[in-house]
Amino acid sequence: MDLSFYKSFISEEIRDEGRAQGRAEGRAEGRAMALLILLEQRGLEVSKAVRDRITTCDDPEQLDRWLRRAVTVTHADDIFTPEDD
């Protein structure tokens, strides 16, 4: 059986892309969890809709914007602005 594909440049590139994608997904997931913890620790009620929107977001920059807003908002859904849509 020829296993040379697994040592080829293309297979290395595919594995590297997969690793990078996994790390990015992990970072987004971590930011989402931090955001939810912050909102809950501040005593803000987090609705299912807010929780779903946060946990399905895979854009780390967007999650960072929401995280910064979460420090000062009075309601959990105030982290979202019309520009976010």
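The preceding data block contains the structure.
About the thresholds
Residues numbered from 1 in each chain as written. Predicted model: local features only at pLDDT ≥ 70, side-chain atom pairs only at ≥ 80, totals over all residues. Heavy atoms only, no water. Patch = residues over 30% accessible without salt bridge, like charges linked within 9 Å, V, L, I, M, F, W, Y side chains within 5 Å. Areas by Shrake-Rupley, 256 points an atom, 1.4 Å probe, with all protein chains shown as cover. Salt bridge = Lys/Arg side-chain N within 4 Å of Asp/Glu carboxyl O. Lys, Arg positive; Asp, Glu negative; His and termini not counted. Charge placed at Lys NZ, Arg CZ, Asp CG, Glu CD. Helix = DSSP H or I, 4+ residues; strand = E, 2+ residues; numbered from the N terminus. Buried < 20%, exposed > 50% of the residue type's maximum accessible area, 1.4 Å probe, protein only.

> Account for a negative patch on the surface, with residues named and values stated.
Taken together, the side chains of Glu-25, Glu-29, Asp-58, Asp-59 and Glu-61 present a region of like negative charge at the surface. Note on placement: Glu-61 falls in helix H3 (residues 60–70). A relative accessible area of 55% means that Glu-61 is categorised as exposed.

> Tell me about the pattern of salt bridges, and please be specific about residues and values.
Scanning the entire structure with this criterion turns up three salt bridges. Of the charged contacts in the structure, one is a salt bridge between Arg-31 and Asp-64, with a shortest N-O distance of 2.7 Å. Remark: Asp-64 occurs in helix H3 and Arg-31 occurs in helix H1 (residues 9–41); sequence separation between them is 33 residues. Between Lys-48 and Asp-52 there is a salt bridge, with the nearest N and O atoms lying 2.6 Å from each other. Here the residue Lys-48 and the residue Asp-52 both occupy positions in helix H2 (residues 48–56), the gap between them amounting to four residues, near one helical turn.

Interpretation in functional terms is not warranted from these geometric data alone.
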